[in-house]
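Breakdown of the fold
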Amino acid sequence: EVQLVESGGGLAQPGRSLRLSCAASGFTFNDHAMHWIRQVPGKGLEWVSLISWNSGSIMYADSVEGRFTVSRDNAKNSLYLQMNSLRPEDTALYYCVRDHSSGGSGWYFDYWGQGTLVTVSS
Amino acid sequence: DIVMTQSPDSLAVSLGERATINCKSSQSVLYSANDKDYLAWLQQRPGQPPKLLIYWASTRESGVPDRFSGSGSGTDFTLTISSLQAEDVAVYYCQQYYSTPSTFGQGTRLEIK
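Residues numbered from 1 in each chain as written. Chains lettered and ligands numbered in written order. Predicted model: local features only at pLDDT ≥ 70, side-chain atom pairs only at ≥ 80, totals over all residues. Heavy atoms only, no water.

1. Quick word on the environment of Gly42(A)
Tracing the backbone shows Gly42(A) in the loop between β4 (34–39) and β5 (45–51). Sequence separation of Gly42(A) and Ala92(A) is 50 residues, and the distance between their C-alpha atoms is 9.8 Å. (Helix = DSSP H or I, 4+ residues; strand = E, 2+ residues; numbered from the N terminus.)

2. Details of the sheet that holds strand β8 (residues 78–83) of chain A
All names here are of chain A. Taken together, the four strands give an open sheet; going across it, the order is β1-β3-β8-β7, and neighbouring strands pair in antiparallel fashion. Each of the sheet's edge strands pairs with one partner strand only, and the pair in question is β1 (3–7) and β7 (68–73). Ignoring which end each strand starts from, the neighbouring axes of this sheet average 15° apart. One ladder, built from five bridges, connects β1 with strand β3 (residues 18–25); its direction is antiparallel. Considered in β3, the bridge of Leu4 is made with Ala24. (Pairing = 2+ DSSP bridges. Axes fitted to C-alpha atoms, helices over the stretch in contact; angles between N-to-C directions.)

3. Some points on the interface of chain A and chain B
Taken together, the contacts link 18 residues of chain A with 17 residues of chain B. The largest contributions to the chain A side of the interface with chain B come from Leu45(A), Tyr108(A) and Trp112(A), which together make up 37% of the buried area. Our count for the chain A to chain B interface comes out at zero salt bridges. Put simply, chain A and chain B have four residue pairs in polar contact (both at pLDDT 80 or more) between them. Secondary structure elements with two or more residues in the side of chain A that touches chain B: β4, β5 and β10 (109–112) of chain A. (Contact = heavy atoms within 4.5 Å. Buried area = accessible area lost by both parts, 1.4 Å probe. Salt bridge = Lys/Arg side-chain N within 4 Å of Asp/Glu carboxyl O. Polar contact = N/O pair within 3.5 Å; in protein donor to acceptor, adjacent residues only side chain to side chain.)

4. Looking at the state of the cysteines
Enumeration over the complete set of coordinates arrives at two disulfides over all chains. Disulfide pairing is shown between Cys22(A) and Cys96(A); the S-S distance is 2.1 Å. Negative torsions about the S-S bond denote left-handed disulfides, and the value of about -70° found for Cys22(A) with Cys96(A) makes this one left-handed. One end of the pair, Cys22(A), is in strand β3; the other, Cys96(A), is in strand β9 (residues 92–99), with 74 residues separating them in the sequence. Through a disulfide, Cys23(B) is tied to Cys94(B); the S-S separation comes to 2.1 Å. One quick way to see it: the torsion about the S-S bond of Cys23(B) and Cys94(B) is about 75°, and its sign makes the bridge right-handed. Taken as a pair, Cys23(B) in strand β3 (residues 19–25) and Cys94(B) in strand β11 (residues 90–96) lie far apart in primary sequence, 71 residues in all. (Disulfide = S-S within 2.5 Å.)

Note that all results are geometric; they support no functional claim without further evidence.
Following this line, the structure appears as structure tokens:
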């Protein structure tokens, strides 16, 4: 069974940092690209970042470019999101999401974690 | 970025009746080289993460009941639930994966009448 378990969310002050983690199991992690997608509670979905199977292709939404860094450790079956210079508008539930393919572009997203809540407030 | 617009924003349907949700993209998500529409439908039940229902506009994900069907091509798409069940109460999203960033519709809230 595919499982994606996010952690690392919490309360952070504006300008501070948080690091999210996603532990993957139940599939061959390095066969798949991965994404971070966020959702303000009660609102819609916003794609944040993607990383291909070998970290060769990495992309970010304009809203986080230069502040967030995605990475993965295939040996540990883990995905990460380093979030720096946090803003109140980054407040959201952050989902770890599996891409059906290894490359990360042009394929659908087939499994979602439960999410970890990030709140940015003073 | 491709803008995805769903209609209606909310919908109330009686149990056993048909529910129809529409999705329009600001540009075509049909890739002519393989004749595939890069369009997915997701279901988000209350308190749950989104779940993939349909991809390539009309292919049901494994385990999804056959009362769910997707249709359309190019810029106009439809999700149909042929006979609404109580467990179908959810917010439904369309999503394009034709180009990065992948973008989502604003969601359609489906309730029981």
